[in-house]
Structures are given as structure tokens and as C-alpha cells.
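# Residue-level structural notes
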Amino acid sequence: MYHCPVELALDVIGGKWRTVILAHLKERPHHYGELRRKVPGISEKMFAQRLRELQDAGLVSRVEVPPHVEYSLTDEGRSLGPALQALYDWGLARAARTGAVIAP
């Protein structure tokens, strides 16, 4: 039982890596290796685990496109678009206010 809708949302997409993966998939579908390179600082094991969790939650789909595997957002995942964009915009504004550096 959840006591707040935000609690439910964070249970599904919370944590640093899930949201970062979703943000990259919001741009377009990615092959596994391409997506992996966009998320530095995470171990291979943790990356694969987070992708699986997002698939299990119904937010990400995995399609084999030989010789690659392609990941994309499902309809449910795409419904997060406005929330992901709001986080992105807030992060940019916060970086500008605080001088935090965001890698290109």
C-alpha cells in the first residue's frame, strides 16, 4: 500500500540510474551498447539489472533486431515524457544557479 502517489512513482522510477536510462530512451530507441555508453559510471551488472526492472515495470521494451537488441519506451514509458522533461529542465536551471557542471 502506498500513502502518496509520489511514493508509487518513485518506487517504479526512483533511483539515479532508472531515471537516467528513461531520459535517454525518451530521445529515441537505442541499441544496448549505445545506451550503455550514454550511462557512464554504472557497472555492467547494475545497468542490465536496471534495464530489466524497467522492462518488468512495463516502461521499456526490448526487441531483437539482429545482430542488435534495441530498447525503447512503451506507451506507459512515453507517458513519463512530461515528468522527465520537467526533471531535465529543472536540472539545467539548477546547474545554472549553482555552477554545477553537466557533461556534454
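Our structure's up above, just so we're on the same page.
All values derive from a computational prediction rather than experimental measurement.

Looking only at helices and strands, the protein has 6 helices and 3 strands in total. Along its sequence from the N terminus, the protein presents helices and strands in the succession α-α-β-α-α-β-β-α-α. If you line up the protein on its principal axes, its C-alpha atoms span 45 × 40 × 25 Å. Burial statistics for the protein: of 104 residues in total, 29% are counted as buried. Between the centroid of the 14 positive side chains of the protein and the centroid of its 12 negative side chains there is a distance of 7 Å.

Viewed as axis vectors pointing N to C, helix α2 (residues 16-27) and helix α6 (residues 81-98) meet at an angle of 110°, and their least axial separation amounts to 10 Å. Considering their axes alone, α2 and α6 lie roughly perpendicular with respect to each other. Residues Thr19, Leu22, Ala23 and Lys26 of α2 lie in contact with α6, whose contacting residues are Gly81, Leu84, Gln85 and Leu87.

Another aspect to go through is the pairing of strand β3 (residues 68-73). Bridge analysis of strand β1 (residues 30-31) against β3 gives 2 bridges, and the strand direction is antiparallel. When the bridges of β3 are listed, His30 appears paired with Tyr71. Of the strand pairs in this sheet, strand β2 (residues 60-65) and β3 are connected by 6 bridges, and their pairing is antiparallel. Residue pairing for β3: Arg62 is matched across the bridge by Tyr71. In this structure, the hairpin formed by β2 and β3 is closed by a connection of 2 residues.

Rules used in this analysis
- Residues numbered from 1 in each chain as written.
- Predicted model: local features only at pLDDT ≥ 70, side-chain atom pairs only at ≥ 80, totals over all residues.
- Heavy atoms only, no water.
- Helix = DSSP H or I, 4+ residues; strand = E, 2+ residues; numbered from the N terminus.
- Buried < 20%, exposed > 50% of the residue type's maximum accessible area, 1.4 Å probe, protein only.
- Lys, Arg positive; Asp, Glu negative; His and termini not counted.
- Charge placed at Lys NZ, Arg CZ, Asp CG, Glu CD.
- Axes fitted to C-alpha atoms, helices over the stretch in contact; angles between N-to-C directions.
- Parallel < 35°, antiparallel > 145°, perpendicular 65-115°, else oblique.
- Contact = heavy atoms within 4.5 Å.
- Pairing = 2+ DSSP bridges.

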